Number of protein chains: 2
Amino acid sequence: MANPMYRQIAEDLREQIESGQLQPGQQLRTELELRETYGASRNTVRDAIKWLTSLRLVETRPGQGTFVVKKIDPFVTTLSGEPGTGESVTYHFQVSRHGRKPFNTDPQVEIQRATSGVAAELRLPEGTPVISRHQRRFIDGTPWSLQTSFYPRGFALQGAEKLLNADNIEEGAVQYLAATLGLKQVGYRDWITVRAPSAAEADFFRLAQDGRVAVFENFRTAFDQTGTPMRVTVTVFPTDRNQFIFDIGDVPEPQVPSPEDHKS
Amino acid sequence: MANPMYRQIAEDLREQIESGQLQPGQQLRTELELRETYGASRNTVRDAIKWLTSLRLVETRPGQGTFVVKKIDPFVTTLSGEPGTGESVTYHFQVSRHGRKPFNTDPQVEIQRATSGVAAELRLPEGTPVISRHQRRFIDGTPWSLQTSFYPRGFALQGAEKLLNADNIEEGAVQYLAATLGLKQVGYRDWITVRAPSAAEADFFRLAQDGRVAVFENFRTAFDQTGTPMRVTVTVFPTDRNQFIFDIGDVPEPQVPSPEDHKS
DNA sequence: GGGTATTTGTCCGTATGTATT
DNA sequence: AAATACATACGGACAAATACC
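Fair warning: this is a prediction, and the values are worked out from it, not measured in the lab. (Residues numbered from 1 in each chain as written. Chains lettered and ligands numbered in written order. Predicted model: local features only at pLDDT ≥ 70, side-chain atom pairs only at ≥ 80, totals over all residues. Heavy atoms only, no water.)

### Overview of the packing of aromatic side chains
Consideration 1: This structure, assessed with the given rule, holds 15 aromatic pairs over all chains.
Consideration 2: Judged by centre distance (6.0 Å) and plane angle (35°), the ring pair of F103 of chain A and F138 of chain A falls under tilted. Here the residue F103 of chain A occupies a position in strand 4 (residues 102-104), and F138 of chain A occupies one in strand 6 (residues 129-139), the gap between them amounting to 35 residues.
Consideration 3: Between F246 of chain A and F246 of chain B, the aromatic rings sit 3.4 Å apart at their centres with planes inclined by 0°, giving stacked as the arrangement. Of this pair, F246 of chain A sits in strand 11 (residues 242-249) while F246 of chain B sits in strand 11 (residues 242-249), each in a different chain. (Phe/Tyr/Trp six-rings, centres within 6.5 Å; stacked < 30°, edge-to-face > 60°. Helix = DSSP H or I, 4+ residues; strand = E, 2+ residues; numbered from the N terminus.)

And the structure:
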């Protein structure tokens, strides 16, 4: 089947991993030992390990060894909250259900020119200045997501000055905009894609730089009562530790669904 | 920065790709030529190419060369249809909006024992026999998704015999179950994860076997008017050609959003 | 169909560097 | 400081896939 020798070695090791003979977190035998075991050269053994690395089954640590990857207990985020609920509230709710502690850095606020994507969503000409509020978000100390919200700059001039403050808006941006500008968020659209992380993202999330772990990118466009987009939020999540739930229509209470149950 | 030579070579090639100097689909110079260009050994050049491969920037074709990956015009699927709408209808609607032609194989119907995940979602004991209906789905000839729906076996005995037929249920399974068993689908929960493809999945989707392109796995649990799960649908989509939309609350009409606009 | 040139894939051996313990 | 283990880099040989004549 898998003719080349390095694939056969990889297949053998893979079976040991998937059968539980090699446990998550456990160290494999060293390259020199595996060379003896399989009667191959060290480079061929390394090719086998690279193959398993690409499959995200093992990871190598210089000076230490090769280890079976530990599955991260995933962060499960319900993205279908109430339409009038902002991101922070929605996320906070979901996360605290698991008894986990989220932590957000204070937002980094900038006036930026809208990129084509953000401009199109906000129905503004490309390059229009917008308010950008960027946050890094952790759960129990683990890097969880990078989030940037974009608002039309006019919002700040029309009475929503807090958007320009580098503080969390305690009452939530949704409530704040409703109170100050009379903008009610009546709905939103989530657009979910997957791509390779940028170098900065890989660094923040402590992912390998080679892109083997991808990231979700979620574009959320929120609409006010007139059907006008009032905000675009871009959130990036590593795919190795995040899962999402959307409830559509009438769905009974969660029963604390366990991610462990979700395997084909 | 990226000290090792192969990373420097990779970085140089990457800039050529991202600057557009090397166009999608275009062939890179051969390994032998790059060896001359960079004054490195062929193996070092190959390491650089492997790095770019892992980042999904290039792909190699034996006997032909190395090519800049072409971005696939993505299939955008709206997963938040009406709660009373089945998968086939929802997907069909979305896809035809783009003037694309979906094609589903006839379902492969089996009685299987529920795995732990499916059993938990259907609230059945693990190992309970369930009806499994599996389809391969294409758009314009491109492998698009693999879908398996699971129903309690009792449904067939109670009057919904068509569930056991290896034919598409023309009126849609949702309408059929409403007509025969009085089960109205009032809502569903989508649970979205990302993982490496199995060998069979990589084969079907024509993905590399090394898992560098991941797949979405969506677990959809549908509920009837009593809040009881009536179906679990597991759908697998390659992440290199699929994106998803969820509309929550009041969202204005699509305006045919272009995926090209969605880049950070 | 067969043969040849081209290009990537596999496998080996060796030497040295770097990270960790 | 020494030992261990993976990372980088080189050079060489042959195999396999593809394209072209």
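There is more to say, and it comes next.
### Quick look at the interface of chain B and chain A
Consideration 1: Tallying the contact residues gives 56 residues for chain B and 56 residues for chain A.
Consideration 2: Contact between chain B and chain A buries roughly 5000 Å² in total, counting both sides, with carbon and sulfur atoms accounting for 57%.
Consideration 3: In this assembly, chain B and chain A are joined by two salt bridges.
Consideration 4: Taken together, chain B and chain A are joined by 16 residue pairs in polar contact (both at pLDDT 80 or more).
Consideration 5: Every element with two or more residues in the side of chain B that touches chain A is listed here: helix 3 (42-54), helix 5 (116-122), strand 8 (187-195), strand 9 (215-223) and strand 11 of chain B.
Consideration 6: Ranked by residue count, the leading element in the side of chain B that touches chain A is strand 8 of chain B, at nine residues.
Consideration 7: A class-by-class count of the residues in the side of chain B that touches chain A yields 24 nonpolar, 18 polar and 14 charged.
Consideration 8: Where strand 8 (residues 187-195) of chain A and strand 11 of chain B come together, six bridges link them in antiparallel fashion. (Contact = heavy atoms within 4.5 Å. Buried area = accessible area lost by both parts, 1.4 Å probe. Salt bridge = Lys/Arg side-chain N within 4 Å of Asp/Glu carboxyl O. Polar contact = N/O pair within 3.5 Å; in protein donor to acceptor, adjacent residues only side chain to side chain. Nonpolar A, V, L, I, M, F, W, Y, C, P; charged D, E, K, R; others polar. Pairing = 2+ DSSP bridges.)

### Re unusual backbone geometry
Consideration 1: For R56 of chain A, which is not glycine, the phi dihedral falls at a positive 60°.
Consideration 2: Within the element layout of this structure, R56 of chain A appears in the loop between helix 3 (42-54) and strand 1 (58-61).
Consideration 3: Note on R56 of chain A: relative accessible area 21%, which makes it partly exposed.
Consideration 4: One non-glycine residue, D140 of chain B, lies in the positive phi region at around 50°. (Buried < 20%, exposed > 50% of the residue type's maximum accessible area, 1.4 Å probe, protein only.)

### Details of the nonpolar core
Consideration 1: One finds F216 of chain A together with I192 and F216 of chain B to be the most contacted residues of the largest nonpolar core, which totals 52 residues.
Consideration 2: In contact with I192 of chain B, other than residues within four places in its own chain, are I192, F216, Q243, F244 and F246 of chain A together with L79, F216, E217, N218 and F246 of chain B. (Core = buried A, V, L, I, M, F, W, Y, C linked by side-chain atoms within 4.5 Å.)

### Considerations on the protein's contact with DNA strand C
Consideration 1: Every one of the 22 residues lining DNA strand C counts as a neighbour, but M5, N43 and T44 of chain A together with R42 and T60 of chain B are closest to it.
Consideration 2: Within 4 Å of the protein, the contacting atoms of DNA strand C are 67% sugar and phosphate, with bases supplying the remainder.
Consideration 3: Here a phosphate oxygen of DNA strand C sits 2.2 Å away from a polar atom, N or O, in the side chain of T44 of chain A.
Consideration 4: Elements with a contribution of two residues or more to the surface near DNA strand C: helix 1 (5-18) and helix 3 of chain A together with helix 2 (31-38), helix 3, strand 1 (58-61) and strand 2 (65-68) of chain B.
Consideration 5: Taken together, the residues that form the surface near DNA strand C break down as seven nonpolar, 11 polar and four charged. (Near = heavy atom within 4 Å.)

### Some remarks on the side chain of D210 of chain A
Consideration 1: As for its placement among the helices and strands, D210 of chain A is situated in the loop between helix 8 (199-205) and strand 9 (215-223).
Consideration 2: A relative accessible area of 12% places D210 of chain A in the buried class.
Consideration 3: Those residues in contact with D210 of chain A that lie beyond four places of it in its chain are W51, S54 and L55 of chain B.

### As for the pattern of salt bridges
All names here are of chain A.
Consideration 1: In total, this model carries 25 salt bridges over all chains according to the counting rule given.
Consideration 2: Two residues, E18 and R14, come together in a salt bridge whose shortest N-O distance is 3.3 Å. Of this pair, E18 and R14 both sit in helix 1, four residues apart, which is roughly one turn of that helix.
Consideration 3: Note on E18: relative accessible area 52%, which makes it exposed.
Consideration 4: A salt bridge links R195 to E201, with the shortest nitrogen-to-oxygen separation between them at 2.9 Å.
Consideration 5: The class for R195 is partly exposed, based on a relative accessible area of 22%.
Consideration 6: A cluster of three or more residues bridged by salt bridges with shared partners is formed by E31, R42 and R46.

### Digging into the relation of the copies chain B and chain A
Consideration 1: After a rotation of 180° and a shift along the axis of 0.1 Å, chain B superposes on chain A with an RMSD of 0.1 Å. Interpreted geometrically, this transformation is the action of a two-fold axis. Within chain B, the C-alpha atom positioned nearest to the axis of rotation is that of R212 of chain B, 3.1 Å from it.
Consideration 2: Comparing interface residues between copies, 100% of those in chain B also lie at the interface in chain A; the contact surface is shared. (Least-squares fit on C-alpha atoms with pLDDT ≥ 70 in both.)

### Some remarks on the packing of helix 1 (residues 5-18) of chain B against helix 3 of chain B
Packed helix pairs are specified by the crossing angle of their axes together with the interaxial distance, meaning the distance between the axes.
Residue and element names in this part refer to chain B.
Consideration 1: Where helix 1 meets helix 3, the axes come as close as 8 Å, and the angle between the chain directions of the two elements is 55°. Comparing the axis directions of helix 1 and helix 3 gives the class oblique. The two elements helix 1 and helix 3 cross, and the hand of that crossing is right-handed. Contacts from M5, Y6, R7, I9, A10, L13 and R14 in helix 1 reach T44, D47, A48, W51 and L52 in helix 3.
Consideration 2: Grouping the constituent residues of the contact of helix 1 with helix 3 by class yields eight nonpolar, one polar and three charged. (Axes fitted to C-alpha atoms, helices over the stretch in contact; angles between N-to-C directions. Parallel < 35°, antiparallel > 145°, perpendicular 65-115°, else oblique. Left-handed = near helix turned anticlockwise from the far one by under 90°.)

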